[in-house]
Every structure is written in structure tokens, then in C-alpha cells.
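Chain residues, written in single-letter form:
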Amino acid sequence: KATLFLAATAAASVSAEFAFIPDVVDVATLYDYNTAPSGSKRCALVSIAMDESGSMKTEQEFMRQFAIPRMTQLLHSSEYQYDHVFFCMHGFGALGVPTVAPEYGFRTLGCTEGVPGTNALKDPQVADWVNESGGFQEDGYNAIVAGINALPGTIVGNTGSIDLNAECSVLNKNFILVTDEDRDVLNPFTGSNPADYVRNELSSKGYILNEVVDLNMDLPTTVTDETPIGLRVNYPLSAMTTPSGTKQSCITNPFDGSSMCRDVPAYDYDNEWFTTNLHNENNHGGDWTTYVQNGESPDTYYQDGYGGNTDTDYIPLIQDTRGAVWSIRPLRAALSETGQVLDQGQIEAFAEAFIDIKVNEIDCTTNCDCRAPPCRETELGGDPHITTWRNEHYEYHGQCDLVMLKDAEFADGLGIDVHVRTKIVRFWSYIKNVAIRIGNDILEVEGNGDLSDGEAHFWVNYEYQGELTEFAGFPVTEEHSVNYKRIFKIDLNSKYENEFIIVQIYKEFVRVRFSGGSKSFGKSVGLLGDYYSGKTLARDGQTVLNDFVELGHEWQVLPSEPKLFHEMERPQFPEICMEPEDPRGERRRRLEESSVSMEQAEQACSTLKDPMARKDCVYDILATQDLDMIGAF
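Residues numbered from 1 in each chain as written. Predicted model: local features only at pLDDT ≥ 70, side-chain atom pairs only at ≥ 80, totals over all residues. Heavy atoms only, no water.

Asks: Help me out: how do you make sense of the state of the cysteines in this one?
Replies: Cysteine pairs can be covalently joined through their sulfur atoms, and such a bond is termed a disulfide. Here the structure, examined in full by the defined rule, presents 3 disulfides. In this model, C400 is linked to C577 through a disulfide, with the two sulfur atoms separated by 2.1 Å. Residues C400 and C577 share a disulfide whose torsion about the S-S bond is about 70 degrees; that sign makes it right-handed. Of the two residues, C400 sits in the loop between strand 17 (393–395) and strand 18 (401–407) while C577 sits in the loop between helix 10 (548–554) and helix 11 (583–592), which places them 177 residues apart along the sequence. Each member of the pair, C400 together with C577, is buried. (Disulfide = S-S within 2.5 Å. Helix = DSSP H or I, 4+ residues; strand = E, 2+ residues; numbered from the N terminus. Buried < 20%, exposed > 50% of the residue type's maximum accessible area, 1.4 Å probe, protein only.)

Set out below in C-alpha cells:
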């Protein structure tokens, strides 16, 4: 297979500071980052830039044998359900590639697609990196930017040539940089701070960066039987400029095993370490966990390997992003240059952690700090707008009590039921009450359209305004700045780290939001759909209902289900949900007569980032004729 070297090509879409587009064919074939995908398929893209010097054999084998196969298999699985998983491979630092403009030591090997149902690539030759003895200079910054700009608009996949923007409804992008050297400055990025330039290229074009580099990592002596393999730096770059004090830090002396302690600056931020967990009671190879280190600079527990200035070159690129940096050291201790496994437990732990974290980065759009990926966020509120676990939106305008979510196994068998009560107003409806049961406790919250009423309308185990500092053992907080807007938060952190349930009141409107991972909500059923696929399923767990009136009737609360509200209201099954008369036609007629214009509604909702949330907001403003409805989002 011929190696594709890059040609210098000028184009208006590329910054003047980076004056060429890496090009496998010509400019016209490159991906247009300024055009949103318009297709119907869920797509993921992983771009890998590999150091091709002679010392990189182990890392190349890890990518070929472990990372790429498992990523394509997991992203295609029923857990994530991607239709296309694309890979683009690049190399840098190989002998013979010019180290001056436009290449700066970079080349691209091409793009392909993972084959569903297997761990194979359609064209495995795109991962045929070289590993010359010695090696040339390696500019990882240039490799990242060049790799981003080398993405073609069309990739030859399993069904032929696939136009990314025409085929995909979403294209979630991840970039992996692999090198055992610090940065050799070949591309000067004239006129910019190079690190800022690279960070901007990644964020503006929708990539999350992971770096596999040469760092020695350690953990405090209080953390035993775990090996650090990766790090996520969870705070902005500016946070390290102002220490909040000092604290004592101890690490293990690598020469004699003794404890070494010193006073170090303390900061108000966290670092999240990914570690192997191979010494648990089951000694299960492949286990990994996280350790959150609070209040210290991350360099307290790492130092450069043989890579020179690896930390100062590459840590800033992932700081305060969802990306991470991984250590080459435990990888090389577990896998030989020929791909022979030396430590099965450690290589499995490294591979599983790397794959789990990366796949969750690719897939997650909200609540991406949960510890049980895949992480999801969903909500129901407004007119009423229902967002499935897969961030797909639909509406149901009937009036009755509905099962939003239920799972008998939630929180080790405590179980959870969430019911909402809707009310019709002319041609639309809204959620007026929500009732949540966890274990033996029930919390009901009701909206209130009386702006002069300063009371919170809620019931705890049917008692009006009962004590609400905790609920089913989980802490509860209430926030409100004005009478008509309140937020109740049930913090699930004691059982499910970084997860929560929020009930938001805006006037008479109730909105309920869930933010969690697969261990908490993965088995839940109801109007929010299947956790993994987002499919709106009937009660049999098999039938997909795309008629949302039928779906609403399907999930009306049945006599066999718990009665959570403090009082009964019609209709109750077997009396079916009440439907508004001709909701679509009446809505169109009423909107034509409305005093609030479409332009006014769109302007009011323009601050919302999610396009679907903006659309829902516009509908709600036009339906209620209330520009302040933006406050419900």
C-alpha cells in the first residue's frame, strides 16, 4: 500500500497561522466542519496520530490489537448503538518525511470504517504505521492540527463511499495522540500561543483529545494496591495560579519503598486518576477504578519519563476538557514490542479503562462526570416535551397520570417510580405535578401559577410541606430566588457518584430531569424510552411505539402500580387519557392569531445551546403567549 504524503494547498477555511490543508486527494474532498450533519445515522469518528519512531512498537500493537478492535465493537454494541464507527490514521516522526513546511514530519495513512458485529476494520492497512529505528523529530502539536484538517468528507466504508454530512445525524469526534517524546517545535504556529491554537482547533471542530505519553505516575501512600494509568485534569488553566494554602503530600520512594513527604501548595480543584484495581477480592483482570485527588497540583504525583518536557507540552492540551492523558509506562510493562502479553491483568485493566473512558467521551453529551458509563441525561417538562435517554425529543398532549420512569432494582432494590400528572389547556397540555418514590418515601411537587404565593407546594409521604432535608437517604436541597421559580435537587452521590434528580418549578409548569449512568438508570422503563437505544418501547419491552398518542396511553398509570399522588384526579385507568381536540390544527390556527410573533419567540430562546431545546422553548412561548417561558428551560 502506497504511503500518502501531504501536499501544500491553500484554502480559505484554514487559518493563516496554519497555511496548508493536509490533503489525501484535493481540497474539494475535505470534510466541511462548518456544515452540520443532515443524515439519519449515528456516527463516531476516532482519529489517531501515532509517533512512528523505533521505540513505539508496543503502542502501535496496543492500538491495533486492543484499542481499535474494542472501540469499534463497543460503539456498535447494543449498549451504544452507533451505525457507523470511522477511523482515520496518521503518523509523524518517521524517517523520510520532511520536517519542514508543509509536512512538518506528518503523513496520513487514510480512513476506514469498523465492521459491525466484529472487531475488524474494513481496511486494516490504514493502521500499518512504521516504526523505524531511531526516528526523526516529533511535533505532536502539528500532528493534532494536521490530523483534524486531513479529514475527508467521504470515507470508503462497509457499504461503499459514505458522505459524512449526508449520512450522519451526529458525528461525535475523538482524537488520540500517541508519542513517547516531548514536542519538537517544527511548526511554529506563527502569531499564536501554540498550545492555545491546538486547544482551539480541537474544541472549535468538536474533538476530545486523549494523549498516550511518557509520564511516570504515582498516587498518595494512602492509596494502596492500585496503579495509576491515566489522568483527567478537571479545572481551568488559571486555577493553578492561586494556591489556597499548603498541605503535606507523601509518595513512595521508587528505590527503597519508603515514604517521601513534603509540603506542597494546596488548590481548590480536583484531579481524576484512572487506576488499575487488580488486587480486589476477586483479583479480576481488567478491573479499573477512579481516584479523585483534591487540592494538589497534578505534578505532585507524576514526572516526565524519558520524554523531556512531556508534562509542560501535553498536559495543557487536555486541561479543563473532557480529555485525558495516559501513561505509556504501565502499558509497556504489560505488552511487549511484538504484541506478546506480559501481564494479562494489567493490560486488560489498561485496555478496559482506556476504551470505557474514550467511548463514553465520544458518546456523552451531558452529565459526562458520572462514574458508570454510558452516562445519560433526560428530562420531561413544558408543553410537555419529552427527551429520551438518547436525547431524542417528542411530545404527548394527553391529560392523565403517566409513568415517566420505573425500576424495581434501583439503588440495590430500593426501587424507583416517577409519575407525572398532566393537564390540558385548550390545544396543549403541561405537567402540573410529579411524584417520586424511592424505597418507602414519596415526594410530590406541584407547580403554582399564583405569582403572589410564596409557598413551595410539595408533599413528603402525603404530608404537606413535610420535612425535606433528605429523601430515601439522599440529601435534598431547594433553591429559589423568586416565588414562581424553584429547584429541588435529590443528590444521588452517596450511591451513584455525580448523579442527581432535579425537579424544577416555573409558575404552574413542572420539569423533571435525570442525570445518571448505566448502573443507576440502565434498567429503567417508561416514557423516557430504553436507556441504551432510546427506543420508545411498550410495556412488553419489545414493541417500538412511534405513535406518541399510543405511547402515552401505553404508559398511563395502571391500577397495579403504586398511587403516589396525595389525591386522585380524573382520568384514572380504565378511563383512558383525555386528548385535546385536533391539537395540531388548533395549534396552527391559534398561533396564526397570537400576539407574540415567531421572531420574538426565537429571539427570547436564542440563548439556549441545544437546538431542540430552542425549538421546544419557541413552541412553549407561542402556546402560552408568555415570553418569560424561557425561564422554564
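Next comes the rest of the description.
Asks: Please clarify how helix 7 (residues 344–363) should be interpreted in this entry.
Replies: Owing to its 3.6 residues per turn, the α-helix brings residues three or four apart onto one side. Between its first and last C-alpha, helix 7 extends 28 Å over 20 residues, near the 28 Å set by a 1.5 Å rise per residue. For helix 7, the buried fraction is high: 17 of the 20 residues fall into the buried class. The opening residue of helix 7 is D343, an N-cap whose side-chain oxygen sits 3.0 Å from the backbone nitrogen of Q346. (Expected span 1.5 Å × (residues − 1). Polar contact = N/O pair within 3.5 Å; in protein donor to acceptor, adjacent residues only side chain to side chain.)

Asks: Just to check I follow, could you spell out the packing of helix 4 (residues 194–204) against helix 5 (residues 310–318) for this structure?
Replies: To describe two helices that pack against each other, one gives the angle between their axes and the distance between the axes. At a minimum axis separation of 9 Å, helix 4 and helix 5 run at an interaxial angle of 35 degrees. Where helix 4 crosses over helix 5, the two elements pack in a sense that is right-handed. Counted together, A195, V198 and R199 of helix 4 and P316, L317 and I318 of helix 5 form the full contact between these two elements. (Axes fitted to C-alpha atoms, helices over the stretch in contact; angles between N-to-C directions. Left-handed = near helix turned anticlockwise from the far one by under 90°. Contact = heavy atoms within 4.5 Å.)

Asks: Please clarify how the pairing of strand 28 (residues 509–516) should be interpreted in this entry.
Replies: Looking along a regular strand, one sees side chains alternate from face to face of the sheet. Burial of strand 28 is extensive: 8 of the 8 residues sit out of reach of the surface. Of the two faces of strand 28, the one holding F509, R511, R513 and S515 and the one holding V510, V512, F514 and G516 are both buried throughout. Note: strand 15 (residues 376–381) against strand 28, 5 bridges, orientation antiparallel. Across the sheet, the residue bridging to L380 is V512, located in strand 28. Of the strand pairs in this sheet, strand 27 (residues 500–506) and strand 28 are connected by 7 bridges, and their pairing is antiparallel. The partner of F500 across the bridge, within strand 28, is S515. Connecting strand 27 to the antiparallel partner strand 28 that follows it, the hairpin turn spans 2 residues, and K507 within it adopts a positive phi of roughly 55 degrees. (Pairing = 2+ DSSP bridges.)

Asks: Just checking my understanding: could you explain the pattern of salt bridges for this structure?
Replies: Side-chain pairs of opposite charge can arise where the charged atoms are in close proximity. In the structure shown here, the tally under the stated rule is 25 salt bridges. The partner of D139 in a salt bridge is R183, with the nearest N and O atoms 2.8 Å apart. Taken together, the residues span a long stretch of sequence, with D139 in the loop between strand 3 (106–113) and helix 2 (140–149) and R183 in the loop between strand 6 (168–178) and helix 4 at a distance of 44 residues. In this structure D139 comes out as buried when scored by relative accessible area, which is 1%. Judged by its relative accessible area of 11%, R183 falls in the buried class. Several salt bridges converge on common partners, so that one network encompasses D401, R421, K432, E446 and E569. (Salt bridge = Lys/Arg side-chain N within 4 Å of Asp/Glu carboxyl O.)

Asks: So what exactly am I meant to see when it comes to the packing of aromatic side chains here?
Replies: Two numbers describe a pair of aromatic rings. These are the distance of the centres and the angle of the planes. In this structure the tally under the stated criterion is 20 aromatic pairs. Where F514 meets F521, the ring centres are 5.5 Å apart and the plane angle is 75 degrees; that geometry is what we call edge-to-face. The class of F521 is buried, set by a relative accessible area of 0%. Following the ring pairs from residue to residue traces out a cluster consisting of W389, F410, Y496, F514, F521 and Y531. Just above the ring of Y207 sits the side chain of K173; from NZ or CZ to the centre is 5.8 Å. (Phe/Tyr/Trp six-rings, centres within 6.5 Å; stacked < 30°, edge-to-face > 60°. Lys NZ or Arg CZ within 6 Å of the ring centre and 35° of its normal.)

Asks: Would you explain the sheet that holds strand 19 (residues 416–425) in this entry?
Replies: Reading across from one edge, 18-19-20-21-22-23 is the order of the 6 strands in this open sheet, with antiparallel pairing throughout. Both outer strands of the open sheet, strand 18 and strand 23 (463–464), are each paired with one neighbouring strand and no more. Sheet topology note: the strand 18/strand 19 ladder contains 6 bridges and is antiparallel. What sits directly across from L405, in strand 19, is V418.

Asks: Can you walk me through unusual backbone geometry in this structure?
Replies: That bond from A101 to P102 is cis: its omega, 5 degrees, falls within 30 degrees of zero. Mapped onto the elements of the fold, P102 is located in the loop between strand 2 (84–92) and strand 3. Going from F573 to P574, the amide bond is cis rather than trans, its omega being 20 degrees. Its location among the elements puts P574 in the loop between helix 10 and helix 11. Phi angles above zero are rare outside glycine, and D412 is one such case at about 55 degrees. Relative to the elements of secondary structure, D412 occurs in helix 8 (residues 410–413). Its identity as a non-glycine residue notwithstanding, Y462 has a phi of 75 degrees, on the positive side. Note on placement: Y462 falls in the loop between strand 22 (458–460) and strand 23. Judged by relative accessible area, which is 44%, Y462 ranks as partly exposed.

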